[in-house]
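Reading the structure
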Amino acid sequence: MSEHDFVIVGAGTAGCVLAARLSESGRHSVLLLEAGGSDRSPWLQVPIGYGRTFRDPRFNWMYETEPDPALGGRAAFCPRGKVLGGSGAINAMVYVRGQRADFDDWAAAGNPGWSYREVLPYFRKSEDYDGMESAYHGRGGPMHVRNIDADAHPLCQAFIASCESQGVPHNADFNGAEGEGAGLWQLTIRHGLRVSTGSAYLRPARGRPNLQVLTRAHATRVLFEGSAAAGVCYRRGGVLATATARREVIVAAGAINSPQLLQLSGIGDAALLGPLGIPVVRSLPAVGLGLQDHLAVSYYYRSRVPTLNDELRPLAGKLRAVLRYAFGRRGPLALSVNQAGAFLRSRPTLGRANLHVYFNPLSYTEGAAGRRRGMTRPDPYPAFLMSFNSCRPTSRGSVTIRSPDPSVAPAIRTHYLSTPEDIADVYEGARVLRRIAGALPLAAVIESEFIPGPAVSGDKGVLADFRARAASVYHASCTCRMGPDPKTAVVDARLRVHGVGRLRIADASVFPQLTSGNTNATTVMVAEKAADLIMAD
Ligand SMILES: Cc1cc2nc3c(=O)[nH]c(=O)nc-3n(C[C@H](O)[C@H](O)[C@H](O)COP(=O)(O)OP(=O)(O)OC[C@H]3O[C@@H](n4cnc5c(N)ncnc54)[C@H](O)[C@@H]3O)c2cc1C
């Protein structure tokens, strides 16, 4: 048995921030438990390694969702990082905070302290932006955020110009004053290497005598004294051990595993826990409910001009890319394949952007479902893809344990497309994507749309195709959501589990609603703010 001030479960995007911040002053002892292992593999450093780690069980929980009738009964792949840095160590490195109104909505839902004005300082604090410091961007923080203007594939500019011709203005900084428009993504990459919170926050803190990091340590349940958390039970090397927390236990196991750990520990819906023989410590029916995610579909275009396929597919191109990377950390291996995109309104009457569009200057139709993600083996002809998803889907799914055994994966029910709004966004997304593809200069580059192809048309056809091909973009969140009412929420605005002492949750599971863009930057912000709340309390 070991004793600490704080025990943190999960060294993912949020957990690494928490461990670094809570141990910073040297006054508190911190234990960080991570089920996965080290993040030193080269595939976790080189940005293009994303294509490799996507289905690699050494770094990935590799969950499958339950078959979803909305997807024609398909089960969806649900990768989650299982390594120091968590999902942020295997993600696509796109740095997008979401819309200002997303956070104002969080605050308006009864969560004081979470408006855009109040969370912006935490985004700035975490950031080491490679552009100018401003009211929106910080410099000198742990997370390096880079602009990719000099290195993006030239086709990205054609995409941006076509968007402009369709009334979507160019946006040079999605994380600045205005989040709408078309432009290049900012990426968490520094000198050609991935930046995760594992590398940016945890690595520099590892030498602190008051911080202990245990990898391959799988937390199996939270321990209680009465109705307050007292520690964590975990399995390491086949042995069960206990770590007690003098101050708090902080669960940061991510949107799938945080609700799982709570349920295993007796916090959740009594109707779920009872039949599994788990004694109820605190009945909180919202644990695991509320799952939200972005569901996207890709349209593929044959190109009359070279794309990244021509650089990454042929052996000579691969060698050139490796040499450029080895002697200067430049070229396609040093970037994400997600390079440009847009946030736009599909109808002018909307108050804010409802669609998120991705432009990737390559295509990988063959390898998409394979062990690798095909990025290192794109299609053998010039082609690219565009994808879209609804910014703020209203469908909600769930995560529930099937067994009291912590090694059994929970059931993930996605309930995609269960509202008319989400279906309307599918119709409109397809129309918008094809309008952009049909506009100059992109139209002049496109030879043909080969998936789904012109035969798929009309709302009915587009929806059927979406159901057959759409996939998650891996932004699972909201499964332990924040809110004032213990009947519908799991944590309060200070991230304390309702009705349980000395237990907080701080990761993507606490989002009250999914934000309009990618979720990593917001998870970092949540953890930065959580560290301040914990210290203040
Ligand atoms: C393939 C992929 C691509 C993505 N692309 C992007 C992108 O480009 N941009 C973006 O902004 N977002 C992206 N995301 C989403 C983003 O990375 C996540 O939203 C974010 O990392 C979530 O952080 P978290 O701290 O909530 O959870 P995680 O980072 O998943 O961390 C949870 C950690 O807890 C550990 N853990 C779980 N259970 C236990 C247990 N019982 N005991 C001990 N440890 C445990 C896990 O192993 C993991 O390390 C992507 C995600 C994936 C999977």
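Reading the values: rules and limits
- Residues numbered from 1 in each chain as written.
- Predicted model: local features only at pLDDT ≥ 70, side-chain atom pairs only at ≥ 80, totals over all residues.
- Heavy atoms only, no water.
- Axes fitted to C-alpha atoms, helices over the stretch in contact; angles between N-to-C directions.
- Helix = DSSP H or I, 4+ residues; strand = E, 2+ residues; numbered from the N terminus.
- Parallel < 35°, antiparallel > 145°, perpendicular 65-115°, else oblique.
- Contact = heavy atoms within 4.5 Å.
- Domains from an automatic or database assignment.
- Near = heavy atom within 4 Å.
- Polar contact = N/O pair within 3.5 Å; in protein donor to acceptor, adjacent residues only side chain to side chain.
- Areas by Shrake-Rupley, 256 points an atom, 1.4 Å probe, with all protein chains shown as cover.
- Nonpolar A, V, L, I, M, F, W, Y, C, P; charged D, E, K, R; others polar.
- Core = buried A, V, L, I, M, F, W, Y, C linked by side-chain atoms within 4.5 Å.
- Buried < 20%, exposed > 50% of the residue type's maximum accessible area, 1.4 Å probe, protein only.
- Expected span 1.5 Å × (residues − 1).
- Phe/Tyr/Trp six-rings, centres within 6.5 Å; stacked < 30°, edge-to-face > 60°.
- Lys NZ or Arg CZ within 6 Å of the ring centre and 35° of its normal.
- Disulfide = S-S within 2.5 Å.
- Salt bridge = Lys/Arg side-chain N within 4 Å of Asp/Glu carboxyl O.

**Some thoughts on the packing of helix 4 (residues 116-126) against helix 14 (residues 520-536)**
The geometry of helix 4 relative to helix 14 is characterised by a closest axis approach of 9 Å and an angle of 105 degrees between their N-to-C directions. Judged by the inter-axis angle, helix 4 sits roughly perpendicular to helix 14. Together, V119, Y122, F123, K125 and S126 of helix 4 and A521, T522, V524, M525, E528, K529 and D532 of helix 14 make up the contact between the two elements.

**With respect to the domain arrangement of the protein**
Where interface size is given, it is often the accessible area lost as the parts come together that is meant. With domains assigned, the protein is organised as domain 1 (2-42 + 197-290 + 477-536) and domain 2 (152-184 + 295-390 + 417-469). Here the C-alpha centroids of domain 1 and domain 2 sit 35 Å apart.

**Points about the site of the ligand**
Near the ligand there are 39 residues, and of these T13, E34, S87, T519 and N520 occur at the shortest range. Between an oxygen atom of the ligand and a side-chain N or O atom of N91, the distance comes to 3.1 Å. Within the backbone of M93, an N or O atom sits 3.1 Å from an oxygen atom of the ligand. Isolated, the ligand exposes 1000 Å² of accessible area, and the fraction of that covered by the protein chains is 98%. Breaking the shell around the ligand down by element, the ones donating at least two residues are helix 1 (13-23), strand 13 (217-225), helix 7 (254-264) and helix 14. In the shell around the ligand, the residues fall into 19 nonpolar, 16 polar and four charged.

**Some words on the nonpolar core**
Among the nonpolar cores identified, the biggest contains 79 residues, and L18, W114 and L495 are the most heavily contacted of them. For this core, the element with the most residues is helix 14, which contributes nine residues. Setting aside anything within four residues of it in sequence, one finds L495 in contact with W114, M482, L503, R504, I505, A506, V510, V526, A530 and L533. Grouped together as the second largest cluster of nonpolar side chains are 55 residues, A158, Y299, I423 and V445 included.

**Overview of helix 13 (residues 458-469)**
With twelve residues, helix 13 extends 16 Å between its outermost C-alpha atoms, agreeing within 8% with the 16 Å of an ideal straight helix rising 1.5 Å per residue. Of the surrounding secondary structure, the elements contacted by the buried residues of helix 13 are strand 19 (295-303), strand 22 (383-390) and helix 11 (420-437).

**Comments concerning the packing of aromatic side chains**
Scanning the model with the defined rule gives 19 aromatic pairs in all. Aromatic side chains F159 and F359 sit 5.0 Å apart centroid to centroid with 20 degrees between the ring planes, which places their arrangement in the stacked category. Note that F159 is positioned in helix 5 (residues 155-165) and F359 in strand 21 (residues 355-360), a separation of 200 residues in sequence. Comparing F159 with F359 shows no difference in burial state: the two are buried. An aromatic cluster of three or more residues is present, and its members are F103, W106, W114, F123 and F511. Note that K82 overlies the ring of W61, its terminal NZ or CZ placed 4.3 Å from the centroid. Positioned above the aromatic ring of F450, the side-chain terminus of R302 is 5.7 Å from the ring centre.

**Details of the environment of L120**
Mapped onto the secondary structure, L120 falls in helix 4. Each C-alpha atom of the pair L120 and R97 lies 9.6 Å from the other, and the pair is 23 residues apart in sequence. Residues contacting L120, with those up to four places away along its chain left out, are R97, A135 and Y136.

**A closer look at the state of the cysteines**
One pass over the full model with this rule turns up zero disulfides. No disulfide involves C78; its sulfur sits 14 Å from that of C478, the nearest cysteine. Classification of C78 as buried rests on a relative accessible area of 9%. Its sulfur unpaired, C163 is 11 Å from the next cysteine sulfur, which belongs to C156. Taking the relative accessible area as the measure of exposure, C163 reaches 0% and is therefore buried.

**Looking at the pattern of salt bridges**
Pairs may arise between side chains of opposite charge once their charged atoms sit close together. Across all of its chains, the model carries 26 salt bridges by this definition. When the shortest N-O distance is used, the salt bridge between E428 and R347 registers 2.9 Å. A residue pair is termed long-range when its members are at least 10 positions apart, and E428 in helix 11 and R347 in the loop between strand 20 (340-344) and strand 21 qualify at 81 residues. By relative accessible area, E428 is classed as buried at 11%. Judged by its relative accessible area of 35%, R347 is partly exposed. A salt bridge links R504 to D537; the nearest nitrogen and oxygen atoms lie 3.0 Å apart. In this pair, R504 is assigned in strand 27 (residues 503-505) and D537 in the segment after helix 14, connecting sequence segments 33 residues apart. Take R504: its relative accessible area is 2%, and that puts it in the buried class. Residue D537 is classed as partly exposed on the basis of its relative accessible area of 47%.

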